[in-house]
Amino acid sequence: MNTAKKVIENYNVNTLATAAHVTAPVHAKVPADFAGQRSDYALAQMFPEYSRSRLTAWLKAGRITLNGASPAPKDKVWGGEAVLLNAEADPQTSAFRAENIPINVVFEDAHIIVINKPAGLVVHPGSGNWDGTLLNALLQHAPALAQIPRAGIVHRLDKDTSGLLVVAKTLIAQTALVRQLQDHSVTREYVAVVHGFLQKSGMVDAPIGRHKTQRTRMAVAPNGKAAITHYEPIEHYLQATLVRCQLETGRTHQIRVHLMSLGHPLVGDPVYGANRKTPAFPRQALHAQKLALTHPATGRRRSWNAPIPADIKELLVTLENAE
C-alpha cells in the first residue's frame with residue numbers, strides 16, 4: 001500500500017472535512033515510513049489540504065498534538081504517533097456569509113441601494129477583516145446579492161470614513177455604475193476637517209501610488225494612478241479648517257493623501273496626520289456627504305445627501321469654542 005493510501009486510511013472518517021469547513025477534531029496516525037522526518041514536514045504530507053505554514057502555526061499554537069504532546073515544528077516523528085488536529089477554520093470562509101449587521105439605507109429600489117455607512121465599518125472583506133463588513137450586512141439585507149460580484153459593491157469608503165455609497169442589485173446596474181465611475185460622471189462630495197488654515201479653493205492633480213517603503217500607505221507618486229481632488233474651505237477655526245472636497249477619481253486614500261500633500265492632513269488621521277495631536281479626534285474627520293449619479297434603469301439623475309455625523313459636529317463645536 002502506498003503512503004498516500006495509508007494516510008487516508010488513518011483518518012477518522014467521521015471527522016474528515018475540507019480545509020474550509022473543519023469544525024471537529026481530526027484523528028490520524030503518523031505512517032511508519034515517516035520516521036525521522038520533521039513533524040511539520042510529516043504533517044504537511046499527511047494533511048495536504050492545509051499549507052505547511054498553517055500547520056506550523058497550529059503546531060506552535062498547540063492545535064496539533066502527537067501522543068497528547070505539542071511538538072515543535074523541527075521535532076522529529078518516529079512513526080505510529082497518534083495525531084489530533086483541531087483545525088481552525090480559514091477566516092476567508094466567512095467573507096461571503098450573511099451577518100445581521102444594521103445598515104442605514106437611504107434609498108433602495110429593484111436596481112440600487114444607497115447606504116449611509118457609519119465610521120468603523122469595513123466595506124469589503126480583506127486581510128484582517130474577513131467578517132463584520134458591509135458586504136456581510138448586504139447579504140443579510142438582500143440575499144440575492146450573493147449572485148452579484150462583490151455583492152454589488154462598486155466603490156468603497158475607508159473603514160473610518162462615514163457617508164454615502166451606492167451598491168448595485170443587478171448585473172446590469174453594476175455595469176452601468178462602474179462605467180459612470182470610470183467616466184467620472186458620479187458626483188462624490190465630502191466634508192473634511194483639516195489641520196491648519198487652508199486659505200483658498202483649489203485642485204490637486206497628482207498621481208497616487210503605494211508608498212515606497214511603507215506598503216500600507218499611499219503617497220503622491222510620479223508613477224502612480226491619475227488622481228484629481230477639488231477642495232474648497234467652508235469655515236475657518238483657530239486650529240483647523242472645514243473643507244468641502246469633490247473627487248474626479250477614486251484612488252485609495254485619495255483625499256487624505258492629497259490634503260496632506262498641501263500641508264493640511266485630516267484631523268484624527270492616524271496614518272497621514274499622526275504627528276498632529278491637536279485637536280484630538282478618534283478617526284479621520286472625513287464624511288461622504290453627497291452622492292449623485294444617473295439611475296441605471298431610469299436614466300434620470302438622482303442625488304442624495306447625508307448629514308454631517310454627530311462626532312464631526314461635536315468636533316466643530318469644540319473648535320469653535322476654542323477660539
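Rules of the game
- Residues numbered from 1 in each chain as written.
- Predicted model: local features only at pLDDT ≥ 70, side-chain atom pairs only at ≥ 80, totals over all residues.
- Heavy atoms only, no water.
- Helix = DSSP H or I, 4+ residues; strand = E, 2+ residues; numbered from the N terminus.
- Rg over C-alpha atoms; globule rule 2.2 N^0.38 Å.
- Buried < 20%, exposed > 50% of the residue type's maximum accessible area, 1.4 Å probe, protein only.
- Contact = heavy atoms within 4.5 Å.
- Pairing = 2+ DSSP bridges.
- Polar contact = N/O pair within 3.5 Å; in protein donor to acceptor, adjacent residues only side chain to side chain.
- pLDDT = per-residue confidence, 0-100.
- Expected span 1.5 Å × (residues − 1).
- Arc of directions from axis to C-beta.
- 1 Å grid on protein atoms, 1.4 Å probe; cavity = no way out; pocket = protein on both sides within 12 Å on 5 of 7 lines; lining within 4 Å.
- Points joined across faces, edges and corners; volume = space filled by probe spheres on them.
- Nonpolar A, V, L, I, M, F, W, Y, C, P; charged D, E, K, R; others polar.

A few words on the overall build of the protein. Along the backbone of the protein there are seven helices and 14 strands. Taking 2.2 N^0.38 as the reference for a compact globule, 323 residues should give roughly 20 Å; the C-alpha atoms of the protein span a radius of gyration of 26 Å, well beyond that estimate. With the principal axes as the frame, the protein shows a C-alpha extent of 80 × 45 × 40 Å. With 323 residues in all, the protein has 45% of them scored as buried.

Take helix α4 (residues 134-141) next. The buried fraction of α4 is high, at six of eight residues. Among the residues making up α4, those that are buried are L134, L135, N136, A137, L138 and L139. Elements that come into contact with the buried residues of α4 comprise β5 (112-117) and β6 (162-168).

With six of eight residues buried, strand β12 (residues 240-247) is to be regarded as a mostly interior element. As paired strands, strand β7 (residues 187-195) and β12 are joined by seven bridges and run antiparallel to one another. Among the inter-strand pairings, Y190 is bridged to a residue of β12, identified as C245. Bridge count for strand β11 (residues 228-236) against β12 is seven bridges, and the pairing is antiparallel. Directly across from H236, in β12, lies its bridge partner T241.

What follows covers the environment of W130. Tracing the sequence through the fold places W130 in the loop between β5 and α4. Overall, W130 belongs to the partly exposed group, its relative accessible area being 22%. When the C-alpha atoms of W130 and A95 are compared, they prove to be 4.9 Å apart, with 35 residues separating the residues in sequence.

With that out of the way, let us pick up the side chain of Q284. Mapping Q284 onto the fold places it in the loop between α6 (254-261) and β13 (286-294). The exposure class assigned to Q284 is buried, which follows from its relative accessible area of 2%. Within the local environment of Q284, its side chain forms a polar contact with the side chain of T161, the two groups lying 3.2 Å apart. Every residue in contact with Q284, bar those within four places of it in the chain, is listed here: D158, D160, T161, R256, L266, V267, G268, D269 and P270.

A word on the confidence of the model for the protein. Looking at the protein, pLDDT values average 89 and 91% of them are 70 or higher. Note that pLDDT drops below 50 for residues 1-23; the model gives that stretch 35 contacts with residues more than four away or on any other chain.

The next thing to look at is helix α7 (residues 310-321). Because each turn of an α-helix spans 3.6 residues, side chains separated by three or four positions in sequence point in the same direction. Between the first and last C-alpha of α7 there are 16 Å, a value that for 12 residues agrees with the 16 Å anticipated at 1.5 Å per step. The set of residues buried in α7 consists of I312, L315, L316 and L319. One side of α7 carries all its buried residues, which in axial view fall inside an arc of 100°. Those residues of α7 that are exposed and aimed more than 90 degrees away from the buried face are A310, E314 and N321. Along its buried surface, α7 packs onto β7, β12 and β13.

Estimated volume of the largest pocket: approximately 770 Å³. Every residue lining the largest pocket is counted, 28 residues in all, and those nearest its centre are R156, R188, G250, R251 and T252. Of the residues assigned to the lining of the largest pocket, the class counts are 11 nonpolar, 10 polar and seven charged. Approximately 600 Å³ is the volume attributed to the second largest pocket. Taken together, 21 residues make up the lining of the second largest pocket; nearest its centre are V122, D158, K159, T252 and H253.

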